[in-house]
Structures are given as C-alpha cells and as structure tokens.
Amino acid sequence: MAKVKKPTSSRAAGASRHPDIDSILFDGDAISARVKEIGRLISKDRAAEPFTLVPILKGSIIFAADLLREIECPCGLDFMGVSSYAGTESSGSPKLTMDLRENPEGKNILLVEDIVDSGYTLTYLINVLLSRRVKSVGVCALLDKKDCRRVPVRIDYCGFEAPNRFLVGYGLDYNESYRHLPYIGALKPGLLKA
Ligand code: PRP
C-alpha cells in the first residue's frame, strides 16, 4: 500500500532554505507575529481619523497585503511605485514608476515600505506628498537598516532592525529574484555582483 504523505502547512512547506540563502534572519512565523502586532498598533492609533495605506511597489507588496488584513479600522488603499536600486547599489535618485490614483491633498497617508536603507526613497516620497499638500504622512517599514542611513527619516512603525547585509525574500529582491521566499534571508555574498 502506498504511503500517505503527512500534510504540512504551506508556511512549513515553504520554509526550507533556498540554496542561494546564507542564513534566514526572520522566518515566516516571526514575520507573521510582528505584522499582527503592527496591525494592532496602527488600528489603535489611527481609529479616530480616516487614512490611506500606500504600499510602495514593488518590494512592499507582500508585507502590505498581510498588514492590511491585520488593520481593524477602515482605511483606503492606493499605491506608489519607486525604483532606485540596480543590483545592490542605490542610484541615490529614486524614480517614480507609478503614481497614486487618488489626489492625496488633505489626506492622512501611511506609506508602507519593505525596507529603509539609505533613506533616499522615503525622503523623496515624503517630499512629493508634502508638495501635494497631504494632511499628514507617516511611515510603516518592515525592516530598518539603521546603520546604512545617509539621510534621516522618521519611521512611525518598524517591524525589525536589520543588519547591513543584502536581504531578500518576503517581497525583497535581488535583480527581481527571490521576492517569493516566505522568509527574509541574507543572500550568499558570492552571488552579489559588484
Ligand atoms: C527598495 C525598497 C525601498 C528602497 C529602500 O526598492 O523597496 O523602496 O529600496 O532603499 P533606500 O532607503 O536606500 O532608498 P527598490 O529600488 O529595490 O525597488 P523595488 O521595491 O521595486 O524592489
């Protein structure tokens, strides 16, 4: 009789380490627990006034989708796309690849980022939004690479502090690969092209 395979949860099934990953820094369970906590905080802080969640494409898509499901007060959803990295280096001049559908004037905006590194991307976006006369702009970032900051940025909700390593997974990419990994890990240094 053929052996019946034990069912595994999708999180457990996806948790085996990809061969290009040196080490897993935040596994699916740790991320999920932290996203729930952040969702609860946002729900508590922001219940009084309407706000619009604005995930920054593409890296924040998975974080934002999970976070949205943990927010218990009504919020709008719109998107902005920005890109500044080719390989491991920030160009230092982010480019808007997609703009908001709705006029943000007078609105409370909460930007959702996967990672803050140099801070150039958020600084650029916050300035764009302020020039459009938003009522307020806040930041929720899953990962904060504090040691890499070139320009100061205020993060209102932060998932985890991250070391100065090249991280991929849970939306973060290296040359458009690895976004699908259900955890956040450091890429093997030998795979990074200078
Ligand atoms: C990444 C990330 C942030 C930005 C952070 O985006 O998603 O938006 O870099 O880096 P910074 O603080 O040094 O500006 P990327 O340009 O790689 O685009 P992507 O999100 O489409 O992958």
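Each value, and the rule that gives it
Residues numbered from 1 in each chain as written. Predicted model: local features only at pLDDT ≥ 70, side-chain atom pairs only at ≥ 80, totals over all residues. Heavy atoms only, no water. Salt bridge = Lys/Arg side-chain N within 4 Å of Asp/Glu carboxyl O. Helix = DSSP H or I, 4+ residues; strand = E, 2+ residues; numbered from the N terminus. Buried < 20%, exposed > 50% of the residue type's maximum accessible area, 1.4 Å probe, protein only. Near = heavy atom within 4 Å. Polar contact = N/O pair within 3.5 Å; in protein donor to acceptor, adjacent residues only side chain to side chain. Areas by Shrake-Rupley, 256 points an atom, 1.4 Å probe, with all protein chains shown as cover. Nonpolar A, V, L, I, M, F, W, Y, C, P; charged D, E, K, R; others polar. Contact = heavy atoms within 4.5 Å. Expected span 1.5 Å × (residues − 1). Arc of directions from axis to C-beta.

### Quick notes on the pattern of salt bridges
Reasoning step 1: Evaluated as defined, the whole model comprises 14 salt bridges.
Reasoning step 2: Between aspartate 117 and lysine 145 there is a salt bridge whose closest N-O contact spans 3.3 Å. You can see aspartate 117 sitting in the loop between β6 (108–116) and α4 (120–131) and its partner lysine 145 sitting in the loop between β7 (136–144) and β8 (157–161), a full 28 residues away along the chain. Note on accessibility: aspartate 117 and lysine 145 belong to one class, buried.
Reasoning step 3: Glutamate 176 is paired through a salt bridge with arginine 179; the nearest N and O atoms lie 2.9 Å apart.

### Description of the site of the ligand
Reasoning step 1: The local shell around the ligand holds 18 residues, among which Tyr85, Glu113, Asp114, Ser118 and Thr121 are the closest.
Reasoning step 2: Within the backbone of lysine 58, an N or O atom sits 3.0 Å from an oxygen atom of the ligand.
Reasoning step 3: About the coverage of the ligand: the protein hides 93% of its 500 Å² of free accessible area.
Reasoning step 4: Every element with two or more residues in the shell around the ligand is listed here: β4 (80–86), β6 and α4.
Reasoning step 5: Taken together, the residues of the shell around the ligand sort by class into six nonpolar, six polar and six charged.

### Focus on the side chain of serine 43
Reasoning step 1: When you line up the elements, serine 43 lands in helix α2 (residues 28–45).
Reasoning step 2: Sequence-distant contacts of serine 43, that is, excluding residues within four places in its chain, are made with Glu70, Ile71, Glu72 and Cys73.

### Overview of α2
At 3.6 residues per turn, the α-helix brings residues three or four places apart onto the same side.
Reasoning step 1: Compared with an ideal rise of 1.5 Å per residue, which puts 18 residues at 26 Å, α2 spans 26 Å between its outermost C-alpha atoms and is within 8% of the ideal.
Reasoning step 2: Listed in full, the buried residues belonging to α2 are Gly28, Ile31, Val35, Ile38, Gly39, Ile42 and Ser43. All buried residues of α2 lie within an arc of 135° about the axis, which places them on one face of the element. Among the exposed residues of α2, those pointing more than 90 degrees away from its buried face are Asp29, Arg40 and Lys44.

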